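# Residue-level structure breakdown
Take a look at the letters that make up each chain.
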Amino acid sequence: MIQVGIIMGSNSDWPVMQHAAQFLQQFGIEYEARVVSAHRTPDLMFEYAETARERGIKAIIAGAGGAAHLPGMVAAKTTVPVLGVPVPSKYLRGEDSLLSIVQMPKGVPVATFAIGEAGAANAALFAVAILACDNPELAQKLAEFRTAQTQTVLAMDLPAAE
Ligand code: RP5
């Protein structure tokens, strides 16, 4: 059963958003990835948001660039947690995307992540953490991932100064 939805405003967002998909795959989470645009397919966006809960979706990772209203508008139409990923934009390097997503007025939250690849990856890890709340096996996998990451950093060597 699909538990996480990854949506994005354009297929041009996929190089960034695929980093979310990769992490979900790594943790064995079933997900779907779709292009849903706030301003170009607004009816689809509403339908997606309105049916997400009844389809069993537990978290929606929504990425968009520029005037990035997709995460906020989806959050307005569902109580499923929405995790917003600011996609780097052509002219403002994603600072516009970040501010559009993060500055939600009080009452309709969007959890906002870093601009770009790190944000997409962390949104997926956050979705895993949400699902792990009532899934001990998944919580264990997440703990093992963190331990492995720690070991990688502890094993880092630095070259001699030149
Ligand atoms: C946004 O406009 C999308 O999320 C994308 O980041 C940006 C550019 O879209 P394209 O012109 O590449 O389709 O809606």
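Computed from a predicted structure; not experimentally measured.

Analysis parameters
- Residues numbered from 1 in each chain as written.
- Predicted model: local features only at pLDDT ≥ 70, side-chain atom pairs only at ≥ 80, totals over all residues.
- Pairing = 2+ DSSP bridges.
- Helix = DSSP H or I, 4+ residues; strand = E, 2+ residues; numbered from the N terminus.
- Right-handed = clockwise from strand over helix to strand, strands pointing away.
- UniProt positions renumbered as here; feature names shortened; annotations may be inferred.
- Contact = placed C-beta atoms within 7 Å.
- Core = buried A, V, L, I, M, F, W, Y, C linked by C-beta atoms within 7 Å.
- Buried ≥ 20, exposed ≤ 12 C-beta atoms within 10 Å, placed from the backbone.
- Axes fitted to C-alpha atoms, helices over the stretch in contact; angles between N-to-C directions.
- Parallel < 35°, antiparallel > 145°, perpendicular 65-115°, else oblique.
- Left-handed = near helix turned anticlockwise from the far one by under 90°.
- Nonpolar A, V, L, I, M, F, W, Y, C, P; charged D, E, K, R; others polar.
- pLDDT = per-residue confidence, 0-100.
- Near = placed C-beta within 6 Å.

## Side note on the pairing of strand β2 (residues 31–35)
- Of the pairings in the sheet, the one linking strand β1 (residues 4–8) to β2 comprises 5 bridges and is parallel in character. Counterpart to Ile-6 in the pairing with β2 is Ala-33.
- As for the winding sense of the linkage, the β-α-β connection from β1 through helix α1 (residues 14–26) to β2 is right-handed.

## Structural notes on the UniProt feature "binding site: substrate" (unreviewed entry) in the protein chain
- Here, the residues flagged by UniProt with the feature "binding site: substrate" (unreviewed entry) are Ser-10, Asp-13 and Arg-40.
- In this fold, Ser-10 is placed in the loop between β1 and α1.
- Beyond its immediate chain neighbours, meaning those up to four positions away, Ser-10 contacts Val-35 and Ser-37.
- Assignment of secondary structure puts Asp-13 in the loop between β1 and α1.

## Regarding the UniProt feature "domain: PurE" (unreviewed entry) in the protein chain
- Feature annotation in UniProt assigns "domain: PurE" (unreviewed entry) to the following positions: residues 2–153.
- Secondary structure across residues 2–153 comprises 48% helix and 16% strand; the distance between its end C-alpha atoms is 33 Å.

## A look at the nonpolar core
- Grouped together as the largest cluster of nonpolar side chains are 43 residues, with contacts concentrated most on Ile-60, Ile-61 and Leu-70.
- Apart from residues lying up to four places away in sequence, Leu-70 is in contact with Ile-7, Gly-9, Val-36, Ala-38, Met-45, Ala-62 and Ala-64.

## A look at the packing of helix α5 (residues 117–132) against helix α6 (residues 136–154)
- Contact pair α5 / α6: the axes reach a minimum separation of 8 Å and the direction vectors enclose 140°. Relative to α6, the element α5 is oriented oblique. For the element pair α5 and α6, the recorded crossing hand is left-handed. Facing α5, whose interface residues are Val-128, Ala-129, Leu-131 and Ala-132, α6 presents Leu-138, Ala-139 and Leu-142.
- Taken together, the residues of the contact of α5 with α6 sort by class into 7 nonpolar, no polar and no charged.

## Some words on the confidence of the model for the protein chain
- Mean pLDDT over the protein chain: 98, with 100% of residues reaching 70 or higher.
- The ipTM value of the predicted complex is 0.96, and its pTM value is 0.97.

## Details of the site of the ligand
- Lining the immediate surroundings of the ligand are Met-8, Gly-9, Ser-10, Ser-12, Asp-13, Ser-37, Ala-64, Gly-65, Gly-66 and Val-87.
- Along the lines of polarity and charge, the residues of the shell around the ligand split into 3 nonpolar, 6 polar and 1 charged.

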